[in-house]
Amino acid sequence: MATFEKGILGGFSGKVGNVVGARWRGKNVMRSVPQRGNYVPTEAQLLQRERFKTVVDFLTPIKSILSHYFGKSQGDKSTYNLATSYHLKNALVETPEGFVIDYQKVLISKGDLRDIDSPTVTAAANQVINLSWVDNSGQGNASATDQLVVVFYAPTLQLFQTYEQIASREDESAQVTLPAFLSGIDVQTWATFVSNTNAAISNYLGELTVS
């Protein structure tokens, strides 16, 4: 693979003859078309593919949440790319059956906004979930108008439910109603505060059974 800044072709994307042009990490690159053959990936390559697939399959349903609230893009890396990288490094556990997600290490947001103070989550009848916290407005950069974002995940169904901007920091409590089909299902819960320009590092609130 070669990089180039200027040339008779200039920057281009796609295949021209036996050459492929692309943009990679902010640079124009060219490489030859790979030869077809009986390539067999190594065990390490297969393992890396499994790691990546596990994380991407988990994060894709909440890509919009991560794209909005997971820090700021860095060069050619989007906020979703940064979230994927974080979870590959920190939230993946290898078991005899394969890779699994460590829910306690999962983050739905990342920033320097003041996080949630003393959050609690409980299940009530008819799929109602009650959340509460201490209003820490005025501490650091915490504002009374910061908005609560909550994410639920049902592992057995591989299904997310997301709720954005459902209460203000000053409200100290919020209530959401999950779909009826989740009754009796165990869900993992995360919550965070966000503003127009920033987000907190999210809190893992634990597992609960929907009533």
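These notes cover the structure that comes with them. (Residues numbered from 1 in each chain as written. Predicted model: local features only at pLDDT ≥ 70, side-chain atom pairs only at ≥ 80, totals over all residues. Heavy atoms only, no water.)

What to know about the environment of Val93
Consideration 1: Looking at the secondary structure, you find Val93 in strand β5 (residues 92–95).
Consideration 2: Judged by relative accessible area, Val93 falls into the partly exposed class, the value being 34%.
Consideration 3: When near neighbours in sequence (up to four residues on either side) are disregarded, Val93 contacts Gly98, Phe99, Val100 and Asp102. (Helix = DSSP H or I, 4+ residues; strand = E, 2+ residues; numbered from the N terminus. Buried < 20%, exposed > 50% of the residue type's maximum accessible area, 1.4 Å probe, protein only. Contact = heavy atoms within 4.5 Å.)

Quick notes on the pattern of salt bridges
Consideration 1: According to the stated counting rule, one finds 2 salt bridges in the structure shown.
Consideration 2: In this structure, Asp57 and Lys53 form a salt bridge, with 2.7 Å as the shortest nitrogen-oxygen distance. Remark: Lys53 and Asp57 occur in helix α1 (residues 43–59); sequence separation between them is 4 residues, near one turn of the helix. (Salt bridge = Lys/Arg side-chain N within 4 Å of Asp/Glu carboxyl O.)

Quick notes on the packing of aromatic side chains
Consideration 1: Scanning all chains against the criterion turns up 10 aromatic pairs.
Consideration 2: Aromatic pair Phe70 and Tyr86: ring centres 6.1 Å apart, planes at 50°, arrangement tilted. Residue Phe70 is found in the loop between α2 (63–69) and α3 (79–90), and its partner Tyr86 is found in helix α3; the two are separated by 16 residues along the sequence. Each member of the pair, Phe70 as well as Tyr86, carries the same accessibility label: buried.
Consideration 3: Above the face of the Tyr80 ring, Lys63 is positioned so that its terminal group lies 4.9 Å from the ring centre. (Phe/Tyr/Trp six-rings, centres within 6.5 Å; stacked < 30°, edge-to-face > 60°. Lys NZ or Arg CZ within 6 Å of the ring centre and 35° of its normal.)

Here's the deal with the sheet that holds strand β10 (residues 159–163)
Consideration 1: Taken in spatial order, the 4 strands of this open sheet run β10-β9-β12-β13, and their pairing is antiparallel. Of all strands in the sheet, those bounded by a partner on one side alone are β10 and β13 (203–209). Neighbouring strand axes in the sheet, compared pairwise and without regard to direction, differ in orientation by 20° on average.
Consideration 2: Here strand β12 (residues 186–194) runs beside β13; their pairing, made up of 6 bridges, is antiparallel. When the bridges of β13 are listed, Thr189 appears paired with Gly206. (Pairing = 2+ DSSP bridges. Axes fitted to C-alpha atoms, helices over the stretch in contact; angles between N-to-C directions.)

A short note on the environment of Leu47
Consideration 1: Positionally, Leu47 belongs in helix α1.
Consideration 2: A residue is classified by how much of its surface remains accessible, and Leu47, at 36% relative accessible area, is partly exposed.
Consideration 3: Residues Leu47 and Phe99 lie 52 residues apart in sequence; the distance between their C-alpha atoms is 9.4 Å.
Consideration 4: Leaving out residues up to four positions away in the same chain, Leu47 has contacts with Glu94 and Phe99.

Quick look at the environment of Trp190
Consideration 1: Tracing the chain through its elements places Trp190 in strand β12.
Consideration 2: In sequence terms Trp190 and Thr162 are 28 residues apart; their C-alpha atoms lie 9.7 Å from each other.
Consideration 3: A polar atom in the side chain of Trp190 sits 3.1 Å from the backbone oxygen of Tyr103. (Polar contact = N/O pair within 3.5 Å; in protein donor to acceptor, adjacent residues only side chain to side chain.)

Quick word on the sheet that holds strand β11 (residues 173–177)
Consideration 1: Taken together, the 3 strands give an open sheet; going across it, the order is β7-β8-β11, and neighbouring strands pair in antiparallel fashion. Here the strands that pair on one side only, and so sit at the sheet edges, are β7 (117–124) and β11. Here the strands of the sheet are splayed against their neighbours by 15° on average, with no regard to which way each runs.
Consideration 2: In this sheet, strand β8 (residues 128–134) lies alongside β7 in antiparallel orientation, the contact comprising 6 bridges. Among the inter-strand pairings, Ala123 is bridged to a residue of β8, identified as Ile129.

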